[in-house]
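What follows is the residue order along each chain.
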Amino acid sequence: MGAGAKVLVVEDEEPLALLLRYNLEAEGYAVDVVHRGDEAEVAIAENSPDLIVLDWMLPGLSGLELCRRLRTGKDSRTIPIILLTARSEENDRIRGLTTGADDYVVKPFSLPELMARVRAILRRTNPERIARVLTVGDIELDRESHRVTRNGRQVHLGPTEFRLLEFLMQSPGRVFSRAQLLDGVWGRNVYVDERTVDVHIGRLRKAMMRGNERDPVRTVRGAGYAFSDKLEETA
C-alpha cells in the first residue's frame, strides 16, 4: 500500500474530489481534500503533504498561482505536484510544467493512469512510503517486476488480471461493487460492461488456484467482490 503517504487533493468539483479520495485511500494513502486554492495554501502551511494533486481552475486562488507560490516557499518548494486540467494545448502543458508542476494530467483522465503517476512520483521522491511488494496470506505481488507468486509458485496473469489483483489486494476484506472495480481498474472514462468484471474475476480465480488452495476472491451476493483476508486457512 501507500504506507501512509499524505496526499492533498485540491479540486473544486465535488464528485471528482470524492472519486480521487476514494481511489487514493484504496491505495493506502492518507488523503485530505480541499476545494479552494486559498484553503489549500493554509492547509499546506499547517500540515505539509507528501504530494499534491492540484486542479488548475480553482476558486479563491488558481492552481497555477498556488503552484508558483509553493515553488518559492522554503518549506514547500520540494513538495511534488500533479496538475489536473482540462487544458490540453501544448503551450498550456508547458506553462504548467515551467511553473513547477512535476506532472500534468489532462481531464478526462484514466484513474489507473493517475494512480500509477502518483506511485511513480512518490517512489522517486519518497521511496520509503511506497510498498513495492503486496503480501496477503500466501499470495505475493511485486509491482515493479509484475510477478505474482502463491505458495512460492509463479502465477501467470494477463495485464488486466494483474491490475485487478493489485487493486483488490490493497484492501483485503473490503467489498467492491462491479462499478467500483471498473472505475479503479479500467478507469472512469472507459466504457466497459459490468459483466466484463465477472469474466476477469473468473480468469483471476482460475490462475490463482491449484489443488485445495482457497479461492482468493469472495463473491458477496448483490454487492460485488472482496479479496479474502483468510487465505492461509486450508479449504
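Please read all numbers here as calculations on a predicted model, not as lab measurements.

(A) Local environment of the packing of aromatic side chains. For the structure shown, the criterion picks out three aromatic pairs. A centroid spacing of 6.4 Å and a plane angle of 75° characterise the contact between Tyr22 and Phe176, whose relative ring orientation is edge-to-face. Pair noted here: Tyr22 is in helix H1 (residues 14–26) and Phe176 is in strand E10 (residues 175–176), with a separation of 154 residues, a long-range link. Tyr22 gets classed as buried once you look at its relative accessible area, which sits at 18%.

(B) Highlighting the sheet that holds strand E5 (residues 103–106). Ordered by their spatial adjacency, five strands build an open sheet running E2-E1-E3-E4-E5, and the pairing between neighbours is parallel. Only two strands of the sheet have a single neighbouring strand rather than two, namely strand E2 (30–34) and E5. For this sheet, the mean inter-axis angle between neighbouring strands, taken without regard to orientation, is 20°. Where strand E4 (residues 81–85) and E5 come together, four bridges link them in parallel fashion. Across the sheet, Leu83 pairs through a bridge with Tyr104, a residue of E5. Running over the sheet, H1 touches strand E1 (6–10), E2, strand E3 (51–55) and E4 and is turned about 170° from E2. Taken strand by strand, helix H3 (residues 63–72) contacts E3 and E4, and its axis lies near 150° from that of E3.

(C) How the structure looks around the nonpolar core. Val148, Leu165, Leu168, Met169 and Leu181 are the most contacted members of the largest nonpolar core, which totals 26 residues. Contributions of two or more residues to this core are made by strand E6 (133–136), strand E7 (139–142), helix H6 (159–169), helix H7 (178–186), helix H8 (195–208) and strand E12 (224–227). Here this core gets six residues from one element, more than from any other, and that element is H6. Here Leu181 is in contact with Leu164, Phe167, Leu168, Phe176, Trp186, Val197 and Tyr225, once residues within four sequence places are set aside.

About the thresholds
- Residues numbered from 1 in each chain as written.
- Predicted model: local features only at pLDDT ≥ 70, side-chain atom pairs only at ≥ 80, totals over all residues.
- Heavy atoms only, no water.
- Phe/Tyr/Trp six-rings, centres within 6.5 Å; stacked < 30°, edge-to-face > 60°.
- Helix = DSSP H or I, 4+ residues; strand = E, 2+ residues; numbered from the N terminus.
- Buried < 20%, exposed > 50% of the residue type's maximum accessible area, 1.4 Å probe, protein only.
- Pairing = 2+ DSSP bridges.
- Axes fitted to C-alpha atoms, helices over the stretch in contact; angles between N-to-C directions.
- Contact = heavy atoms within 4.5 Å.
- Core = buried A, V, L, I, M, F, W, Y, C linked by side-chain atoms within 4.5 Å.

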